[in-house]
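An overview of the molecular structure
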Amino acid sequence: MAQTLLETLNSATSLLKEKNLPNPRSTSELFLSSILNLKRVDLYLNREKILSEKEKDKLFFYLKERISGKPIQYIIKNTGFYGLEFKTDPRAMIPRPETETLVNEVIQHFIKKESEPIKIIDIGTGSGVIAITLAYELKNSFVYATDISKDALELALENAKIFKVEKRVKFVLGDFFDPLKNKNLVDFFDCIVSNPPYVKDSDYKNLDKEIKDFEPEIAFLCGDDGINFHKKIAKEGVKYLKKGGLLVLEIALGNAEKLLEFLSSSSLYNQIRIVKDLAGIRRVVSGLRS
Ligand code: SAM
Ligand code: GLN
């Protein structure tokens, strides 16, 4: 029997609930919005719509994938971030909402200085979400974006093209600052930003199965110290950052104070601050190059 959109939504929700998946209603809404190319609120305005066989098959496929444990964003190949929709697939980590706090810090710092050209580097760009959002929001910026994963950089370039910022975001492959070496970029940047891997090897096993089974391991693992990569970026970054330039790093729950102490004692940075994410977690540490 033909089912209306609302009936389909209800049966998809029941199925996901039966399989004990979290947020069954909103997942079903996201699937149907993606398949029907409708905003979530518009699903309800179209509640009497009858789905075609093709649309129903697609929903069935999405539900099967979700039941197998695949993250929603890899199924619909899309993640909303800072009001933009990023192409998302297993070539890179799924952008996280807490990273919006990091991006917002940079935007708020530079928004008033928008007439001057702003040069930014994003270390470990992944899907390109930080670099591209900054280029998109700060029209007078130029962003270098590095990653050690060739796959991630391919996805990031596709995303840059979607938002038409590919001329202002340069993607470079390599380890941390290596791609900047011998390029006359000493004292060049106004900002260094990074969401580096920050899950200790010994904690990785405790992450959700969804993450371990589907997202690239290299995006998370940081060795045996959760602030290793942050220290490395802060120390090596000094060379590339102008005096007064901004360093902004995302950090794991419980580690912000440790990084703040490290930065304060090194005297390489001043005006060091911790910023909470929307969940109230001390998630971002920033400072100015002394
Ligand atoms: N910036 C993206 C975001 O916020 O969604 C991705 C962040 S993810 C936590 C860390 C990224 O750092 C991954 O894309 C990973 O490939 C990259 N990465 C890991 N080790 C690296 C290294 N040694 N040099 C450069 N990038 C690295
Ligand atoms: N915030 C991510 C998570 O725990 C971790 C990302 C990172 O290692 N930088 O899902």
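Residues numbered from 1 in each chain as written. Chains lettered and ligands numbered in written order. Predicted model: local features only at pLDDT ≥ 70, side-chain atom pairs only at ≥ 80, totals over all residues. Heavy atoms only, no water.

**Structural notes on the nonpolar core**
This is how it is decided: Buried Ala, Val, Leu, Ile, Met, Phe, Trp, Tyr and Cys residues that are joined via side-chain atoms within 4.5 Å together make up what is termed a nonpolar core. Three exposure classes are used, based on accessible area relative to the maximum for each residue type with a 1.4 Å probe and protein chains only: buried under 20%, partly exposed in between, and exposed over 50%. Secondary structure elements follow DSSP: runs of H or I of four or more residues count as helices, runs of E of two or more count as strands, with numbering from the N terminus. In what follows, residue pairs with any heavy atoms lying within 4.5 Å of each other are defined as contacts.
Membership of the largest hydrophobic core comes to 33 residues, with the highest contact counts inside it found for V106, I120, L134, V169, F171 and V193. Looking at which element gives the most residues to this core, the answer is helix α7 (residues 129–137), with 6 residues. Apart from the residues lying within four places of it in its own chain, the contact partners of I120 are V106, L134, L138, S141, F142, V143, Y144, F189, C191 and V193. In terms of nonpolar packing, the next biggest core, distinct from the first, is built from 25 residues, I121, V172, F189 and I192 among them.

**Topic: the site of ligand 2**
Stated formally: One heavy atom within 4 Å of a molecule or strand makes the whole residue count as near it. Here a polar contact is recorded for every N or O atom pair within 3.5 Å, except that within protein the pair must consist of a potential hydrogen donor and a potential acceptor, and residues adjacent in sequence are included only if both atoms are side-chain atoms. Here the open area of atoms and residues is found with the Shrake-Rupley method and a 1.4 Å probe, where only the protein chains shown may cover a residue. Throughout this entry, Asp, Glu, Lys and Arg are counted as charged residues, while Ala, Val, Leu, Ile, Met, Phe, Trp, Tyr, Cys and Pro are counted as nonpolar. The remaining residues, Gly among them, count as polar.
Every residue near ligand 2 is listed here: M93, R96, E98, N195, P196, P197, Y198, V199, A219 and F220. Within the side chain of N195, an N or O atom sits 2.8 Å from a nitrogen atom of ligand 2. About the coverage of ligand 2: the protein hides 87% of its 300 Å² of free accessible area. For the shell around ligand 2, the residue count by class is 7 nonpolar, 1 polar and 2 charged.

**Concerning unusual backbone geometry**
A negative phi holds for most residues other than glycine; trans holds for most peptide bonds. Positive phi, close to 40 degrees, is recorded for F176, a residue that is not glycine. Considering the arrangement of structural elements, one finds F176 in the loop between β5 (169–173) and β6 (189–194).

**Re helix α1 (residues 5–18)**
Rule in force here: Multiply 1.5 Å by the residue count of a helix minus one, and that product is the helix's expected span.
The first and last C-alpha atoms of α1 sit 20 Å apart over 14 residues, in line with the 20 Å expected at 1.5 Å per residue. Contact partners of the buried residues in α1: α2 (24–36), α3 (40–45) and α4 (53–67). At the exit of α1 stands N20, carrying a positive phi of roughly 65 degrees.

**Focus: the site of ligand 1**
Around ligand 1, 18 residues are found, and the nearest of them are G124, D147, D175, F176 and N195. Between ligand 1 and F176 there is a distance of 2.9 Å, counted from a nitrogen atom to a backbone nitrogen or oxygen. Starting from 600 Å² of accessible surface for ligand 1 in isolation, the protein chains cover 95%. Counted by class, the shell around ligand 1 contains 9 nonpolar, 7 polar and 2 charged residues.

Function cannot be read off these values alone, since they describe shape.
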